[in-house]
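# A structural walkthrough
So the chains spell out like this:
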Amino acid sequence: MESTPYIQTNLPSDQSGLQQKLQTKLDYLADIQTAVVSGDDRKIYELLDNQKYDLKVRHQSETESNRPLATLVDDIRDELSHHLGKKLISYLSQTFPFFYYEETQLGVFQLYFGNWWDRRHFGILDPLAVNFIFDDNEYEKLDKAVSLAERGQRYNAQVIEDTTRANETLQKIVDGQNQRDAERTQLLAQLSTTEERSGLFGNRGQSEQREVLKERLKHLDAADAKAQKVPALIAENNAQILSYSKEDTILIYEQRAIVDAFGTFDNFQQAVVNLYESYVSNLTATSEQGGV
């Protein structure tokens, strides 16, 4: 019986396609390296995200994303962020002069508002995306303060007023000490009299009167006990009022800084939205003029 030969698997050669893809990756990394060495940050941004670059800078929306290639440098994003941060922060010191940056770890830049005492931590600067990542709570506080300022109000005005009124109420408890002492003396005298009469001609009415007097004395004791805590409570409230006042002052400084730099808060918000386009376009213009 003749054996039937097995069918052999024949694979076509795709070496040229593989070499082309490898070369594309090598070329991409070489371009990144050249841009880093030459200090061409504009080129780095184009290579990191060509689709975003074309949309924001060239105003072209049909570009195919190069994200598959950009993944080649994902493991050195911190180093690239540090590299790109230098020129970006130099640019921001002119356009957003009230912001201060601190690199707490490689490529991670903490963002602070102001050069005055007790300045606020305001978020993070992302050099790779050319973007401010504002702390939501701090930004909303500033936004609300701006809205209130348009109506002639301060951010903490209501809570300061409420706390001040609370202090006034607490102070009345302290101020009423002499009156309570006088009332206690009177009540004790009345109680002593009813107890003496009770021993001779006790009746139900006198017993009820004694209970009323004792209950009133308990209220006075409770008020005295509260009065002893009042100084500490007032001091705590005063500390809160001072803290609120400082925060209002800082918010006023921030608003003035924004107005000085941008004219209006709306202009500031728009500048934040357009930051990538503005900065990378500036790099492009500098590159075209022969700078780096």
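Residues numbered from 1 in each chain as written. Predicted model: local features only at pLDDT ≥ 70, side-chain atom pairs only at ≥ 80, totals over all residues. Heavy atoms only, no water.

Time to look at the pattern of salt bridges. In total, this model carries 11 salt bridges according to the counting rule given. Salt bridges sharing partners connect three or more residues here, namely Arg 42, Lys 43, Glu 46, Asp 54 and Arg 58. (Salt bridge = Lys/Arg side-chain N within 4 Å of Asp/Glu carboxyl O.)

Before going further, it helps to spend a moment on the packing of helix H2 (residues 41-48) against helix H3 (residues 50-58). Packing of H2 against H3 brings their axes to within 5 Å, and their N-to-C directions diverge by 120°. Here H2 lies oblique to H3, going by the angle between them. Side by side, H2 and H3 meet where Arg 42, Tyr 45, Glu 46 and Leu 48 of the first sit next to Asn 50, Tyr 53 and Arg 58 of the second. Across the contact of H2 with H3, the residue classes break down as 3 nonpolar, 1 polar and 3 charged. (Axes fitted to C-alpha atoms, helices over the stretch in contact; angles between N-to-C directions. Helix = DSSP H or I, 4+ residues; strand = E, 2+ residues; numbered from the N terminus. Parallel < 35°, antiparallel > 145°, perpendicular 65-115°, else oblique. Contact = heavy atoms within 4.5 Å. Nonpolar A, V, L, I, M, F, W, Y, C, P; charged D, E, K, R; others polar.)

Looking now at helix H1 (residues 15-38). Between its first and last C-alpha, H1 extends 34 Å over 24 residues, near the 34 Å set by a 1.5 Å rise per residue. Along H1, the residues that are buried comprise Gly 17, Tyr 28, Ile 32 and Ala 35. Buried residues in H1 make contact with H2 and helix H4 (67-70). Within two residues after H1, Gly 39 carries a phi angle of roughly 75°, on the positive side. (Expected span 1.5 Å × (residues − 1). Buried < 20%, exposed > 50% of the residue type's maximum accessible area, 1.4 Å probe, protein only.)

The subject of this paragraph is the nonpolar core. Counting residues in hydrophobic clusters, the biggest one holds 48 residues, and the most contacted among them are Phe 96, Phe 99, Phe 132 and Phe 268. Non-local contacts of Phe 96, meaning those with residues more than four positions away in its chain, are made with Phe 132, Phe 262, Phe 268, Ala 271, Val 272 and Leu 275. If you look at the next biggest cluster of nonpolar residues, it comprises 5 residues, including Leu 170, Ile 173, Ala 227 and Val 230. (Core = buried A, V, L, I, M, F, W, Y, C linked by side-chain atoms within 4.5 Å.)

What follows concerns the sheet that holds strand E4 (residues 131-134). Pairing is antiparallel across the open sheet formed by 4 strands, whose spatial order is E1-E2-E3-E4. Looking at strand neighbours, the two that pair on one side only are strand E1 (99-105) and E4, the edges of this open sheet. Adjacent strand axes in the sheet meet at a mean angle of 35°, parallel and antiparallel pairs treated alike. Where strand E2 (residues 108-113) meets strand E3 (residues 120-126), 5 bridges bridge the pair, whose relative direction is antiparallel. Residue pairing for E3: Leu 111 is matched across the bridge by Gly 123. (Pairing = 2+ DSSP bridges.)

Each full turn of the α-helix corresponds to 3.6 residues, which orients residues three or four apart in the same direction. When helix H10 (residues 265-273) is considered as a whole, its buried residues turn out to be Phe 265, Phe 268, Ala 271 and Val 272. Buried residues of H10 fall within an arc of 120° about the axis and therefore sit on the same side. What points out from H10, more than 90 degrees from its buried face, is the exposed set Asp 266 and Val 273. (Arc of directions from axis to C-beta.)

A few words now on the pairing of E2. Regular strands have side chains that alternate between both faces of the sheet. Counting buried residues along E2, 5 of its 6 residues qualify, which places the element largely inside the surrounding structure. The pairing of E1 with E2 spans 6 bridges and is antiparallel. Residue pairing in the sheet places Glu 103 in a bridge with Phe 109 of E2. Here E1 hands over to E2 after 2 residues, with Gly 107 in that stretch at a positive phi of 80°. In sequence, E2 turns back onto E3 through a hairpin of 6 residues, with Gly 114 there showing a positive phi of about 100°.

So, on to the packing of H1 against H2. Geometrically, a packed helix pair is captured by the angle between its two axes and the distance between the axes. The N-to-C vectors of H1 and H2 enclose an angle of 155°; their axes lie 8 Å apart at closest approach. The angle between H1 and H2 falls in the class roughly antiparallel. The two elements H1 and H2 cross, and the hand of that crossing is left-handed. Residues Tyr 28, Asp 31, Ile 32, Ala 35 and Val 36 of H1 pack against Lys 43, Ile 44, Leu 47 and Leu 48 of H2. (Left-handed = near helix turned anticlockwise from the far one by under 90°.)

Attention now moves to the packing of aromatic side chains. What describes a pair of aromatic rings is the distance from one ring centre to the other and the angle between the planes of the rings. In the structure shown here, the tally under the stated rule is 29 aromatic pairs. Centroid distance Tyr 45 to Tyr 276: 6.1 Å. Interplanar angle 80°. Geometry classified as edge-to-face. Here the residue Tyr 45 occupies a position in helix H2, and Tyr 276 occupies one in helix H11 (residues 275-288), the gap between them amounting to 231 residues. For the pair formed by Tyr 45 and Tyr 276, the shared burial category is buried. Aromatic pair Phe 132 and Phe 134: ring centres 5.5 Å apart, planes at 15°, arrangement stacked. Taken as a pair, Phe 132 and Phe 134 share a single burial class, namely buried. Above the ring of Tyr 100, the side-chain terminus of Arg 119 is found at 4.3 Å from the ring centroid. Taking NZ or CZ as reference, Arg 119 lies 5.9 Å from the ring centre of Tyr 112, over its face. (Phe/Tyr/Trp six-rings, centres within 6.5 Å; stacked < 30°, edge-to-face > 60°. Lys NZ or Arg CZ within 6 Å of the ring centre and 35° of its normal.)

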